[in-house]
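Chain by chain, the residues run as shown.
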Amino acid sequence: MSFRSRCVSRLAVLVAAVTMVPAFAGAQTALKVGDAAPDFTVTTVTAKGVDAKPFKLSEHKGETVVLAFFPKARTSGCTVQMESYRDKYADLFKGGKKVTLVGVSVDPDTALVSWAKDAKFPFHFAADTERKVGVAFGANAGTGYHKRHLYVIDPQGKIAYITTPFNQMSADAYTQLGDAITKSAGTK
């Protein structure tokens, strides 16, 4: 095969790969309020360790689920966000009564358990090391860290609220999240 033939062949492969990206990218960002949330199963952890049973979203119908995608455990912005969730947990997340908060990152379960234990976080973290959940919800293109996206999923499994990016430094962001949870859960 000539040099030119090899170059044309490689170019064809590259063009084919690039043309696949928009369809993949579109699938990541297509979710909107009112859509059924994509089902997934992922390993979750708490400060006590790895949960015995993986978290499957469809098994949480009847409750409000908050998925808080974040870049990386123990980084400054993520620490502000998760500590705010911890400090507001009783009010914002109804103390976990019919509201399940899951912080989702690409960190391994060991790093998330350690962080949850050290910071006394009362909620779950998902170890999305393969980035599948992040891709399904548009928080990740399949590589790197998750973007700071937040989804509230109502008791019927539909997306009730989306904020991208979630502004962890804004008091208004937490107020809006609280309002979305209250509306979704049908509680006051």
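Right above here is the structure, for reference.
Rules behind the numbers
- Residues numbered from 1 in each chain as written.
- Predicted model: local features only at pLDDT ≥ 70, side-chain atom pairs only at ≥ 80, totals over all residues.
- Heavy atoms only, no water.
- Helix = DSSP H or I, 4+ residues; strand = E, 2+ residues; numbered from the N terminus.
- Polar contact = N/O pair within 3.5 Å; in protein donor to acceptor, adjacent residues only side chain to side chain.
- Contact = heavy atoms within 4.5 Å.
- Phe/Tyr/Trp six-rings, centres within 6.5 Å; stacked < 30°, edge-to-face > 60°.
- Buried < 20%, exposed > 50% of the residue type's maximum accessible area, 1.4 Å probe, protein only.

## So, the side chain of T64
Now for step 1: Position of T64 relative to the elements: it lies in strand β5 (residues 64–69).
Now for step 2: Looking at T64, its side chain comes within polar contact range of the side chain of S184, at 3.2 Å.
Now for step 3: T64 has contacts with K98, V99, T100, V152, I153, P155, S184 and A185, leaving out every residue within four places of it along the chain.

## Let's talk about the packing of aromatic side chains
Now for step 1: Under the counting rule described, the total for this entry stands at 19 aromatic pairs.
Now for step 2: A centroid spacing of 5.8 Å and a plane angle of 50° characterise the contact between F70 and W115, whose relative ring orientation is tilted. Separated by 45 residues along the polypeptide, F70 in the loop between β5 and α2 (76–87) and W115 in helix α4 (residues 109–119) bring together distant segments of the chain.
Now for step 3: On the basis of relative accessibility, which here comes to 0%, the residue F70 falls in the buried class.
Now for step 4: Relative to Y174, the ring of F166 lies with its centre 5.2 Å away and its plane at 85°, an arrangement referred to as edge-to-face.
Now for step 5: F166 sits in the buried class, given a relative accessible area of 2%.
Now for step 6: Residue Y174 is classed as buried on the basis of its relative accessible area of 7%.

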